[in-house]
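Listed below are the residues making up each chain.
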Amino acid sequence: MARPPAQLPTREQILAFVEDSPTPVGRREIARAFDVKGPMRAELRGLLKEMAEAGDLDMGRKRKVAPPGALPEVTVLEVTGTDKDGEVMARAVGREAEEPAPRIHILPDRRSGPMGSGDRALCRLERAGESFYIARVIRRLGRTAARTFGVFEKTADGGRVRPTDKKAKSEIRIPKGDEKEAVTGDLVTVEIMPKGRLGLPVGRVIERFAGAADPRSFSRIAIHEQEIPDVFPEAAEALAEKAKPVSLGKRTDLRALPLVTIDGIDARDFDDAVFAEADEDPANPGGFRLLVAIADVAHYVRPGDALDREALKRGNSVYFPDRVVPMLPEALSNGLCSLRPDEDRACLAVEIVIDSEGNKRRHKFMRGLMRSQARLTYRQVQQARDGGSTEGIPDGILEPLYGAFAALRKARTERGALDIELPEKRVILDESGNITEIGIRERLDAHMLIEEFMVLANVCAAETLEDRRQPCMYRVHETPDPEKVAALSEVLDGLGIAFAKGQVVRPKTFNGVLAKVKGEPHERMVNELVLRSQSQAVYAPENLGHFGLALTKYAHFTSPIRRYSDLLVHRALIRGLKFGEDGLRAEDDSEFQEWGEHISMTERRAAVAERTTMDRYLARHLADRVGGIFPGRINGVTKFGVFVTLDETGADGLVPIRSLPDDYYDHDDVHHTLTGRSHGWIFRLGDRVEVRLVDADAASGGIVVEIVSGGEQGTAPRGGRRHGGPKRRPQARGRPPKGRKRR
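Residues numbered from 1 in each chain as written. Predicted model: local features only at pLDDT ≥ 70, side-chain atom pairs only at ≥ 80, totals over all residues. Heavy atoms only, no water.

(A) Structural context of unusual backbone geometry. Not every positive phi belongs to a glycine, and K180 is a case in point at roughly 55 degrees. Topologically, K180 is positioned in the loop between β10 (172-175) and β11 (186-193). In this structure K180 comes out as partly exposed when scored by relative accessible area, which is 46%. With phi around 55 degrees, R469 is a residue other than glycine that occupies positive phi space. Of note, R469 is situated in the loop between α10 (445-467) and β24 (474-476). For R469, a relative accessible area of 78% corresponds to the exposed category. (Helix = DSSP H or I, 4+ residues; strand = E, 2+ residues; numbered from the N terminus. Buried < 20%, exposed > 50% of the residue type's maximum accessible area, 1.4 Å probe, protein only.)

(B) Representation of the packing of helix α6 (residues 306-314) against helix α14 (residues 564-576) in the model. Two elements in contact, α6 and α14, have axes separated by 9 Å at closest approach and are oriented at 130 degrees. It follows that α6 is oblique to α14 by the angle criterion. Seen from α6, the contacting residues are D308, A311 and L312; seen from α14, they are Y564, L567 and R571. For the contact of α6 with α14, the per-class residue count stands at four nonpolar, no polar and two charged. (Axes fitted to C-alpha atoms, helices over the stretch in contact; angles between N-to-C directions. Parallel < 35°, antiparallel > 145°, perpendicular 65-115°, else oblique. Contact = heavy atoms within 4.5 Å. Nonpolar A, V, L, I, M, F, W, Y, C, P; charged D, E, K, R; others polar.)

(C) Representation of the nonpolar core in the model. Within the largest apolar cluster, 94 residues are counted, with the highest numbers of intra-cluster contacts made by L290, L332, I354, F453, F557 and L573. With 12 residues, the single largest contributor to this core is α10. If you look at the next biggest cluster of nonpolar residues, it comprises 48 residues, including V427, V491, L618 and V644. (Core = buried A, V, L, I, M, F, W, Y, C linked by side-chain atoms within 4.5 Å.)

(D) Quick look at the pattern of salt bridges. One pass over the structure, following the stated rule, counts 48 salt bridges. Close ionic contact of E466 with K553 constitutes a salt bridge, the shortest N to O distance being 3.4 Å. Separated by 87 residues along the polypeptide, E466 in helix α10 and K553 in the loop between β25 (538-540) and α14 bring together distant segments of the chain. Note on K553: relative accessible area 26%, which makes it partly exposed. Salt bridges linked by common partners bring R251, D296, R302, R367 and D582 together as one network. (Salt bridge = Lys/Arg side-chain N within 4 Å of Asp/Glu carboxyl O.)

(E) Quick look at the environment of R204. Tracing the chain through its elements places R204 in strand β12 (residues 202-211). Distance in space between the C-alpha atoms of R204 and V188 is 9.7 Å, their sequence separation being 16 residues. If near-sequence neighbours (up to four positions away) are discounted, R204 is found in contact with I174, D178, T189, V190, E191 and M193.

(F) Fine view of the packing of aromatic side chains. Applying the stated rule across the entire model yields 10 aromatic pairs. Note on F640 and F643: the rings are 6.2 Å apart at their centroids and 90 degrees apart in plane angle, and the pair reads as edge-to-face. By relative accessible area, which is 43% here, F640 ends up partly exposed. Three or more aromatic residues joined by ring pairs form one cluster here, namely F499, F510 and F547. The ring of Y539 has R475 lying over it, and the distance from NZ or CZ to the ring centre is 4.5 Å. (Phe/Tyr/Trp six-rings, centres within 6.5 Å; stacked < 30°, edge-to-face > 60°. Lys NZ or Arg CZ within 6 Å of the ring centre and 35° of its normal.)

(G) Region of interest: a positive patch on the surface. Residues R27, R28, R32, R41 and R45 make up a contiguous surface patch of positive charge. Those elements that place two or more of their residues in the positive patch are α2 (27-33) and α3 (40-53). Relative to the helices and strands, R27 is located in helix α2. R27 gets classed as partly exposed once you look at its relative accessible area, which sits at 33%. (Patch = residues over 30% accessible without salt bridge, like charges linked within 9 Å, V, L, I, M, F, W, Y side chains within 5 Å. Areas by Shrake-Rupley, 256 points an atom, 1.4 Å probe, with all protein chains shown as cover. Lys, Arg positive; Asp, Glu negative; His and termini not counted. Charge placed at Lys NZ, Arg CZ, Asp CG, Glu CD.)

Spatial relationships are all this shows, so hold off on functional conclusions.
In structure tokens form, the structure reads like this:
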């Protein structure tokens with residue numbers, strides 16, 4: 001009997017096979033499982049690539065595929081302790097910023113012996129369930145004692161340390177003699193000691209700092225929690241100190257051009273300079289010639305040297321209100337790589353010609369020597385543009401810059417780039433580190449001018465690398481997940497905003513929604529909802545486009561002082577355009593996938609550190625106002641309570657579910673509501689409320705509030721979708737607890 005011809009498996013069959021496999025699988029294994037042979041193998045490769053681009057699969061090393069978010073088959077683990085059954089648990093090193101963190105159980109191994117907190121090992125992983133892995137030790141890598149940050153409290157038998165991490169489950173006991181002279185209120189680093197199953201964890205103080213309530217401690221806490229490297233190795237510092245200025249040599253001489261830097265008033269590393277003039281070509285009426293010059297970091301940071309290894313490890317600079325943790329030592333980041341005025345500086349520049357509508361006609365890269373004519377600030381440029389003082393601004397430079405900007409904005413509007421507007425919080429400190437003001441960062445045309453110039457330069461870099469067939473570290477922003485878009489549609493329906501389900505979404509689709517709520521009370525909330533519906537931008541060597549900017553080719557080129565991705569793009573351009581011998585090495589090409597994953601992680605790590613530090617500043621700012629009443633809006637609904645954003649400061653406070661009117665509450669994660677089963681209290685995303693500040697803990701950044709007015713009491717629901725919210729015996733019989741009013 002003839003065997004029926006083989007057929008290409010469906011997406012669903014492939015997903016089921018990959019999810020059932022305990023380890024990532026290769027194309028050969030999939031082909032073998034479904035009897036795919038001959039020419040159909042090419043079709044299978046194409047299907048797997050489509051599924052990876054759609055986010056259905058993760059394409060890992062050696063082109064093996066796994067479910068989205070899966071850990072690699074072989075990875076470095078660090079033991080975090082034991083669970084209640086005494087099983088050894090671990091975390092994946094380098095993936096600490098992931099939420100939620102997967103559970104990893106390390107199997108006992110006779111060769112490696114028992115493992116305790118802080119021990120590291122190279123392990124082989126097998127998936128044993130959703131977000132749960134079994135690990136087998138391949139090789140021990142030595143011990144790194146588990147450490148934590150916390151606030152010390154003196155006791156008769158030594159002390160207790162309350163971890164600053166909100167997720168920490170218990171205090172740490174410090175035996176007498178291990179306090180290292182810490183006093184109550186000190187911020188300390190604690191090394192966790194081995195312990196039995198019972199009692200509090202035991203530790204010893206190994207470092208003490210200023211009091212936890214001191215604002216200068218907040219960034220240090222975040223640096224520790226996120227394990228951000230903040231001390232440069234001696235070899236890296238030595239290389240930076242030995243660096244010398246460049247001479248002209250074969251570089252293009254750009255020193256006669258009136259290039260200027262435009263940055264924030266507190267910026268110290270100036271890595272981009274701009275220039276514009278009207279295009280004299282009669283065939284391009286109303287067009288402009290632009291020049292974007294970027295610090296030539298690749299000249300000083302060579303592949304594989306001590307500076308390069310540390311820059312890759314850090315991935316990016318991290319910015320806090322009181323300090324910067326730079327990617328490069330200060331001798332470079334604020335010295336030879338900073339485009340300071342009236343000093344010759346090495347640069348990689350791109351000359352771009354655009355038409356009157358902002359469309360790019362052509363571009364050309366060059367490796368040059370430049371000399372900035374002025375260090376300008378956004379506020380200074382904006383004031384001059386608005387008719388104010390022009391002191392310190394070279395004559396004739398602003399008009400063509402703003403003319404080119406107007407053209408580029410036309411092009412941005414035409415292609416329909418996503419236009420989300422959310423205020424950015426800003427903390428202002430005095431010389432002692434005390435908070436003098438918390439407000440909203442200015443958003444000026446001068447900011448957008450520089451952004452548009454940088455976006456255009458980034459596009460040029462990506463296009464050039466593709467044309468030259470060079471590796472490129474793309475900045476990838478994929479199309480939003482359909483489930484998130486569907487959930488957004490449900491919420492918008494409740495607000496009376498039409499958003500058709502099932503439509504093909506483009507940035508313009510979301511812009512239409514944002515335009516409808518412009519100036520409305522729920523404008524900020526809708527902007528936040530649209531932002532939450534988007535995919536997360538990452539770095540990757542495969543070009544999947546940038547949805548938010550509505551661009552098909554995009555890479556980061558303009559900030560190599562503070563982003564390793566940009567340094568890689570510079571090296572690729574140097575090799576592809578034959579600008580020197582300090583470009584990418586041949587062996588670097590195969591590392592782009594792993595590097596992309598790493599620097600995407602360090603970017604997320606920096607974002608978490610910056611956000612939690614801001615939370616601590618806001619909590620410190622509010623600590624003296626406990627008991628006060630604040631207006632706000634519900635901006636998050638979870639099964640354990642709601643989050644309220646305070647109008648005055650933008651701080652987010654948690655309303656624990658236990659403080660809501662007593663009832664059984666059901667959480668609806670589609671409509672973003674908590675609904676009481678018995679008495680019908682409804683708390684939904686976007687509701688205006690008034691809250692009382694209950695607690696503001698500067699050490700953890702936690703803010704707890706309780707609702708004093710707001711919410712809605714409707715008819716108690718019958719049935720409906722339930723999501724396991726806390727179940728509590730009703731006591732108030734449909735009324736708010738005494739002392740609370742409801743509107």
